[in-house]
Amino acid sequence: MCEHCTSATAHGLIARRGVLQLATAAVAALAVAEPALAAKAKAPPKPENVLSPDAALERLMKGNERYVDGVSRRHDFKHEREVLTRGQNPFAAVLSCADSRIAPEYCFDTARGDVFVCRVAGNFASDDIIASFEYAVEVLSAPLILVLGHEACGAVDATIKSVKDGSTLPGHLPALVAALKPAVEAAGTETGDLLANAIRRNVALNVEKLKRAAPILSAAADAKKIRVVGGVYELRSGRVNLV
Ligand SMILES: [Zn+2]
């Protein structure tokens, strides 16, 4: 082997050794950095929202107490906007009536990124609503679903009148009546105020429907990954009473 070749081989060895050393160093660096990177990639934008189902319900109800007492928190929306560009991890999902007097974010004293809200007159779980909650539970890891009815619900009242009169409401309203009719009929067998009973029944029926919505919500409920609960909002006090 000529001097040039020896030299080249030596250079090659040194070069290879250098590459190996660099590669080893890079692997070591990655090994250190990887958990940090993984943790960063998976870190929820609101770590305080990572809660058990029971803790999530407790937080909602404490927020409602503040709202009832007129001591709601000041929410720093400017700061939250920045954090929430990275994603969302709401600690609760709420199915509320569309009634303008309810406003779930206000009545639980929550900020943005805290509550995943679906609203429809009469707060019933259609396929679209179930799909939305499947997203909230499966993708966003929300640990709680709360069905929120309210006193003097116009949608339930209209359904009672339609069922009693046998009348057909105009436009698309019959679809709403069909969805609320089971609650009205069930409440018809109870004593007391029909409207109040039908509102509670409607909440209870939709809690059960969401709990049993296969395959995603039912599996999450069975595994106790989520809780599905119901409540009725009092118009005068703002209090949510669980049913
Ligand atoms: Zn309503």
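One structure accompanies this document, and this report is about it.

**Digging into the coordination of the zinc ion**
Then, number 1: Binding of the zinc ion to the protein goes through Cys97 (SG), His150 (NE2) and Cys153 (SG), at separations of 2.0 to 2.3 Å.
Then, number 2: When the donor residues of the zinc ion are listed from N- to C-terminus, their spacing reads C-x52-H-x2-C.
Then, number 3: According to the relative accessible area criterion, Cys153 is buried, its value standing at 2%.

**A short note on helix α5 (residues 127-138)**
Then, number 1: The terminal C-alpha atoms of α5 lie 16 Å apart, and with twelve residues this matches the ideal 16 Å at 1.5 Å per residue to within 8%.
Then, number 2: When α5 is considered as a whole, its buried residues turn out to be Ile129, Ile130, Phe133, Glu134, Ala136 and Val137. End-on view of α5: buried residues confined to an arc of 165°, all on one side of the axis. In α5, the exposed positions angled more than 90 degrees off the buried face are occupied by Asp127 and Asp128.

**Some details on the nonpolar core**
Then, number 1: Formed by 36 residues in total, the largest nonpolar core has its most connected members in Leu95, Phe133, Ile145, Val156, Leu210, Leu217 and Ile226.
Then, number 2: Beyond its immediate chain neighbours, meaning those up to four positions away, Phe133 contacts Ala93, Val94, Leu95, Phe116, Cys118, Ile145, Leu210 and Leu217.
Then, number 3: Counting residues in hydrophobic clusters, the runner-up holds 17 residues, among them Ala56, Leu57, Phe91 and Leu146.

**Quick look at the side chain of Asn206**
Then, number 1: Structurally, Asn206 is set in helix α8 (residues 194-211).
Then, number 2: A distance of 2.9 Å separates a polar atom in the side chain of Asn206 from the backbone nitrogen of Ala125.
Then, number 3: Not counting the four nearest positions on each side in its chain, Asn206 is found in contact with Asn123, Phe124, Ala125 and Val147.

**Concerning the pairing of strand β3 (residues 144-150)**
Then, number 1: Of all seven residues making up β3, seven are buried, and the element is well covered by its neighbours.
Then, number 2: Neither face of β3 is open: one carries Leu144, Leu146, Leu148 and His150, the other Ile145, Val147 and Gly149, and all of them are buried.
Then, number 3: With four bridges joining them, strand β1 (residues 92-96) and β3 adopt parallel strand pairing. Its bridge partner lying in β3, Ala93 is registered against Ile145.
Then, number 4: Across seven bridges, β3 lies against strand β4 (residues 227-233) in parallel orientation. Looking at β4, one finds that Ile145 is bridged to Val228.

**Section: the pattern of salt bridges**
Then, number 1: Summed over the entire model, instances satisfying the criterion amount to eleven salt bridges.
Then, number 2: Ionic pairing is found between Lys211 and Glu208, a salt bridge with its closest N-O pair at 3.5 Å. Of this pair, Lys211 and Glu208 both sit in helix α8, three residues apart, which is roughly one turn of that helix.
Then, number 3: When its relative accessible area of 30% is taken as the criterion, Lys211 is described as partly exposed.
Then, number 4: By relative accessible area, Glu208 is classed as partly exposed at 30%.

**Some points on the sheet that holds β3**
Then, number 1: Ordered in space as β2-β1-β3-β4-β5, the five strands form an open sheet in which the pairing is mixed. The open sheet has two edge strands with one neighbour each: β2 (115-119) and β5 (240-242). In this sheet, adjacent strand axes meet at a mean angle of 30° when their direction is disregarded.
Then, number 2: In the packing of α5 onto the sheet, contacts are made with β1, β2 and β3, and the angle to β2 comes to roughly 175°.

**Considering the packing of helix α7 (residues 173-187) against α8**
Then, number 1: Close contact between α7 and α8 brings their axes to 8 Å; oriented N to C, the two are set at 125°. What the angle tells us is that α7 and α8 run oblique. Seen along the crossing, α7 lies across α8 with a hand that is right-handed. Every residue of α8 that contacts α7 at Leu180, Pro182, Ala183, Val184, Ala186 and Ala187 is listed here: Leu194, Asn197, Ala198, Arg201, Asn202 and Leu205.
Then, number 2: A per-class count over the contact of α7 with α8 returns nine nonpolar, two polar and one charged.

Calculation notes
Residues numbered from 1 in each chain as written. Predicted model: local features only at pLDDT ≥ 70, side-chain atom pairs only at ≥ 80, totals over all residues. Heavy atoms only, no water. Donors = N, O, S within 2.8 Å, 3.2 Å for Na, K, Ca; no water. Buried < 20%, exposed > 50% of the residue type's maximum accessible area, 1.4 Å probe, protein only. Helix = DSSP H or I, 4+ residues; strand = E, 2+ residues; numbered from the N terminus. Expected span 1.5 Å × (residues − 1). Arc of directions from axis to C-beta. Core = buried A, V, L, I, M, F, W, Y, C linked by side-chain atoms within 4.5 Å. Contact = heavy atoms within 4.5 Å. Polar contact = N/O pair within 3.5 Å; in protein donor to acceptor, adjacent residues only side chain to side chain. Pairing = 2+ DSSP bridges. Salt bridge = Lys/Arg side-chain N within 4 Å of Asp/Glu carboxyl O. Axes fitted to C-alpha atoms, helices over the stretch in contact; angles between N-to-C directions. Parallel < 35°, antiparallel > 145°, perpendicular 65-115°, else oblique. Left-handed = near helix turned anticlockwise from the far one by under 90°. Nonpolar A, V, L, I, M, F, W, Y, C, P; charged D, E, K, R; others polar.

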